[in-house]
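Given next are the chains, with one letter for each unit.
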Amino acid sequence: MTSAPGPVDQPHPAPSAVHTAPTDGGTGPGGFGPVGFGPGGSGPEGWPTTPPGGYPAPEPDRLTRFVLRLYERSPRWAVPLAAVGCVAIGMSYALLSNPTYADPDAAPTCLLKLTTGLDCPGCGGTRALWYVLHADLPAAARHHFLFVFALPFLAYLFVAWAGNQAFGWRLPELRISSKVIGGFLAAWLAFSVLRNLPWAPFTSLYV
């Protein structure tokens, strides 16, 4: 009685009989397209591995070209001066409008406050700025504590940037890590939730 030959006893095909895929652009099983590959097996033969010459940059429109020319020809102090003008406009609006005596639904108003009665994360910021400009820091912190806390850092960053752009000042750099920014945003989120809770002492945070 003889046993059937196992895997070890099976005859191995000769090296010349091993089937290899065609590399000359031939078709695969069923005739569905080429199966040959380019150098290094990076893709089918004849396919480009990278875009030839890269992609052309789009031409800027007329407004963009005008803004770029204006920026290149303007003096170095023009951009900081424009930023100072924007800040001055915001302060002037807070001073002239006197938001501490405005009605809750006076325009412009907070849409979330008007529709739901809840204080949004920025509610009280304009009133806090008005009190800061009148040197009443306790009242400003009462309306938006985090705004008053962040204001000195924002002011220093602005002065350092504007002074460097306009006059070349090299003030000490204020390094703010991503962890500090993340912690501030988390505190802002917690403050936005706590100021809307209907229990004491959180009701003192209503604005």
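Residues numbered from 1 in each chain as written. Predicted model: local features only at pLDDT ≥ 70, side-chain atom pairs only at ≥ 80, totals over all residues. Heavy atoms only, no water.

## Observations concerning the overall build of the chain
Test applied: Under the scheme used here, helices are H or I runs from DSSP no shorter than 4 residues and strands are E runs no shorter than 2 residues, and both carry numbers assigned from the N terminus. For each residue, the accessible area found with a 1.4 Å probe, counting protein chains only, is set against the maximum for its type, and the residue is called buried under 20%, exposed over 50%, and partly exposed in between. Pairs of residues are marked as contacts when any of their non-hydrogen atoms sit within 4.5 Å.
Helix and strand counts for the chain stand at 7 helices and 0 strands. Order of helices (α) and strands (β) in the chain, N terminus to C terminus: α-α-α-α-α-α-α. Scored against the burial criterion, the 207 residues of the chain give a buried share of 16%. Contacts spanning at least 24 positions in sequence make up 46% of the contacts within the chain whose residues lie at least 6 apart.

## As for the packing of aromatic side chains
Note the threshold: Working definition: rings of Phe, Tyr and Trp (its six-membered ring) pair if their centres are within 6.5 Å, and the pair is stacked with planes under 30 degrees apart, edge-to-face with planes over 60 apart, and tilted otherwise.
A full pass over the atoms with the stated rule returns 6 aromatic pairs. For the pair Trp-130 and Tyr-131, a centre-to-centre distance of 5.2 Å together with 85 degrees between the ring planes defines the contact as edge-to-face. The two residues Trp-130 and Tyr-131 agree in class, both being buried. Ring centres of Phe-145 and Phe-149 lie 6.5 Å apart, and the angle between their planes is 20 degrees; on these two criteria the pair is classed as stacked. Placement of the pair is Phe-145 and Phe-149 together in helix α6 (residues 145-167), with a separation of 4 residues, close to one helical turn. An aromatic cluster of at least three residues, connected via ring pairs, comprises Phe-145, Phe-149 and Phe-153.

## A word on the side chain of His-143
We apply this condition: For the purposes of these results, a polar contact is taken to be a pair of N or O atoms within 3.5 Å, where, inside protein, one atom must be able to donate a hydrogen and its partner to accept one; residues adjacent in sequence count only when each atom of the pair is a side-chain atom.
On the secondary structure map, His-143 appears in helix α5 (residues 137-143). Assessed through its relative accessible area of 13%, His-143 is described here as buried. Within polar-contact distance, the side chain of His-143 engages the backbone oxygen of Ala-139 at 2.9 Å.

## Describing the confidence of the model for the chain
Formally: Each residue carries a pLDDT score, the predictor's own confidence in it, on a scale running from 0 to 100.
Confidence in the prediction for the chain averages 78 pLDDT; 70% of positions are at 70 or higher. No element of the chain has a lower mean pLDDT than helix α3 (residues 111-116), which averages 82, and none a higher one than helix α7 (residues 178-194), which averages 93. Long-range and interchain partners of residues 15-38, a stretch whose pLDDT sits below 50, account for 24 contacts in this model, where long-range means more than four residues apart.

## Side note on the pattern of salt bridges
Quick note on the threshold: Salt bridge, as used here, is a side-chain nitrogen of Lys or Arg placed within 4 Å of a carboxyl oxygen of Asp or Glu.
In this structure the tally under the stated criterion is 2 salt bridges. A salt bridge links Asp-119 to Lys-113; its shortest N-O distance comes to 2.5 Å. Among the salt bridges present, the one from Glu-173 reaches Arg-175, with a minimum N-O distance of 3.7 Å.

## Some words on the nonpolar core
To keep things clear, this is the line we draw: What is meant by a nonpolar core is a set of buried Ala, Val, Leu, Ile, Met, Phe, Trp, Tyr and Cys residues, joined one to another through side-chain atoms within 4.5 Å.
Ala-128, Trp-130, Tyr-131, Ala-139, Ala-140 and Val-148 together form the largest nonpolar core, which totals 6 residues. Only α4 (125-133) and α5 provide two or more residues apiece to this core. With 3 residues, α4 is the largest single contributor of residues to this core. Look past the residues within four positions of Ala-140 in its chain and what remains in contact with it is Ala-128, Tyr-131, Val-132 and Val-148.

## Section: the packing of α6 against α7
The line we're drawing: An axis is simply a line fitted to the C-alpha atoms; with a helix, the fit covers only the stretch in contact. Between two such axes, the angle follows the N-to-C directions and lies from 0 to 180 degrees. Should an angle lie under 35 degrees it is considered roughly parallel, over 145 roughly antiparallel, and from 65 to 115 roughly perpendicular; all remaining angles are considered oblique.
Where α6 contacts α7, the axes come no closer than 10 Å and their chain directions differ by 155 degrees. For the element pair α6 / α7, the angle class is roughly antiparallel. Every residue of α7 that contacts α6 at Phe-145, Leu-146, Phe-149 and Ala-150 is listed here: Phe-184, Ala-187, Trp-188 and Phe-191.

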